[in-house]
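# What the coordinates show
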Amino acid sequence: MVTFVLDGQTVTAEEGWTILDAAKYYGVDIPTLCYVEGLSPYSACRICVVELIRGKKSRLVASCSCPVEEGVEIRTKSPRVINARKMLIELMLASTPNSRLLQCLASEYGVTKIRFRPEDRRCILCGLCIRMCDEQMQGGAIGFSGRGVGREVSMPFHKTPEACRECGACLYICPVCELPCKGPLKPGELCNACLDTVQIDPFPSK
Ligand code: SF4
Ligand code: SF4
Ligand code: FES
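My aim in this report is to walk through the structure given alongside it, one point at a time.

Criteria and thresholds
- Residues numbered from 1 in each chain as written.
- Chains lettered and ligands numbered in written order.
- Predicted model: local features only at pLDDT ≥ 70, side-chain atom pairs only at ≥ 80, totals over all residues.
- Heavy atoms only, no water.
- Salt bridge = Lys/Arg side-chain N within 4 Å of Asp/Glu carboxyl O.
- Helix = DSSP H or I, 4+ residues; strand = E, 2+ residues; numbered from the N terminus.
- Buried < 20%, exposed > 50% of the residue type's maximum accessible area, 1.4 Å probe, protein only.
- Near = heavy atom within 4 Å.
- Nonpolar A, V, L, I, M, F, W, Y, C, P; charged D, E, K, R; others polar.
- Phe/Tyr/Trp six-rings, centres within 6.5 Å; stacked < 30°, edge-to-face > 60°.
- Pairing = 2+ DSSP bridges.
- Axes fitted to C-alpha atoms, helices over the stretch in contact; angles between N-to-C directions.
- Parallel < 35°, antiparallel > 145°, perpendicular 65-115°, else oblique.
- Left-handed = near helix turned anticlockwise from the far one by under 90°.
- Contact = heavy atoms within 4.5 Å.
- Polar contact = N/O pair within 3.5 Å; in protein donor to acceptor, adjacent residues only side chain to side chain.

Our next topic: the pattern of salt bridges. All told, the structure shown has seven salt bridges when counted by the stated rule. In this structure, E51 engages R80 in a salt bridge whose closest nitrogen and oxygen atoms are separated by 3.9 Å. Linking E51 in strand 3 (residues 49-54) with R80 in helix 2 (residues 79-95), this pair joins segments that are 29 residues apart in sequence. Since its relative accessible area comes to 39%, R80 is described here as partly exposed. In this structure, R115 engages E90 in a salt bridge whose closest nitrogen and oxygen atoms are separated by 2.7 Å. Placement of R115 in the loop between helix 3 (100-109) and helix 4 (128-136) and of E90 in helix 2 is noted, with a sequence separation of 25 residues between them.

Near ligand 1, the surroundings consist of C133, A141, I142, M155, C164, R165, E166, C167, G168, A169 and C170. Residue composition of the shell around ligand 1, grouped by class: eight nonpolar, one polar and two charged.

Attention now goes to the packing of aromatic side chains. Inspection of the entire model under this criterion finds three aromatic pairs. Arranged with centres 5.0 Å apart and planes meeting at 85°, the rings of Y25 and Y26 form a pair that is edge-to-face. By relative accessible area, which is 57% here, Y25 ends up exposed. Taking relative accessible area as the criterion, Y26 reaches 33% and is therefore assigned partly exposed. Here the aromatic cluster, defined as three or more aromatic residues joined through ring pairs, consists of W17, Y25 and Y26.

Here the focus is the pairing of strand 2 (residues 9-13). As judged from the five bridges shared by strand 1 (residues 2-6) and strand 2, these two strands associate in the antiparallel manner. The residue of strand 2 that forms the bridge with V5 is T10. The antiparallel hairpin formed by strand 1 and strand 2 contains two residues in its connecting segment, where D7 sits at a positive phi of about 50°.

Another aspect to go through is the site of ligand 2. Around ligand 2, the surrounding shell consists of C123, I124, L125, C126, G127, L128, C129, V153, C174, P175 and V176. Broken down by class, the residue content of the shell around ligand 2 amounts to 10 nonpolar, one polar and no charged.

Glancing now at the packing of helix 2 against helix 3. One can describe the packing of helix 2 onto helix 3 by two numbers: an axis separation of 10 Å at closest approach and a directional angle of 150°. Between helix 2 and helix 3, the angle is such that the two are roughly antiparallel. With respect to the hand of their crossing, helix 2 and helix 3 are arranged in left-handed fashion. Across the interface between the two elements, I82, R85, K86, I89, M92 and L93 of helix 2 pack against L102, Q103, L105, A106 and Y109 of helix 3. Each residue belonging to the contact of helix 2 with helix 3 can be placed in one class, and the counts come to eight nonpolar, one polar and two charged.

Summarising the element assignment, S95 is placed in helix 2. For S95, a relative accessible area of 14% puts it in the buried group.

Measuring from C-alpha to C-alpha, the distance between R80 and V49 comes to 9.7 Å, with 31 residues separating the pair along the chain. For R80, the residues in contact, after removing those within four places along its chain, are E51, S58, R59 and L60. At a separation of 2.7 Å, a polar atom in the side chain of R80 contacts the side chain of S58.

Okay, the pairing of strand 1 next. On strand 1, burial follows the alternation: V2, F4 and L6 on one face are buried, whereas T3 and V5 on the facing-out side are not. Across two bridges, the pairing between strand 1 and strand 5 (residues 73-75) is parallel. When the sheet's bridge partners are listed, L6 is paired in strand 5 with I74.

Here it is as structure tokens:
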């Protein structure tokens, strides 16, 4: 067993658990986007970031892939963590401004403006669709192509390959392929209308 401090409480966890596993076990809420139980972690979105402190050293780590360590302190809601999540939400909204899930996260974290130039790519490059197709559907029909701003999810030669059974699992798993949010009306602005509504659970049955 590994003993460490989680948000001020001394707790124990099994060897090999990730920080996210331990947080779930102890009922500590950490947001996730590119992580789904049953698929390999990819640590792409970083929204699950937490602060890991050992002695006088502190660093931000992705809780969905970082294992728990003996004697460390984990802070899931420190100012550093919240600021990092806010910046990530803003960056992701710049590439998917009408994602309802991201709009909800923005409201929850008090993000009211997108300071980056919005470019509606409808994808946060989380890789969930690729892992779903590969690991659960044994399809291997899609993958990342391109680099930098040209990086995207695509099929070979942009044609549906034989390996694709059109099962729809890639669409089902995508965190931002839901019905678009009606706001914001102007580029760069967030309506924050979800502030007063119940936050949606992206993966209710997963
Ligand atoms: S629809 Fe095609 S690409 Fe998508 S998960 Fe199914 S097999 Fe893979
Ligand atoms: S299409 Fe959706 S699931 Fe696939 S990488 Fe983009 S955001 Fe992630
Ligand atoms: S949920 Fe951990 S990096 Fe995306």
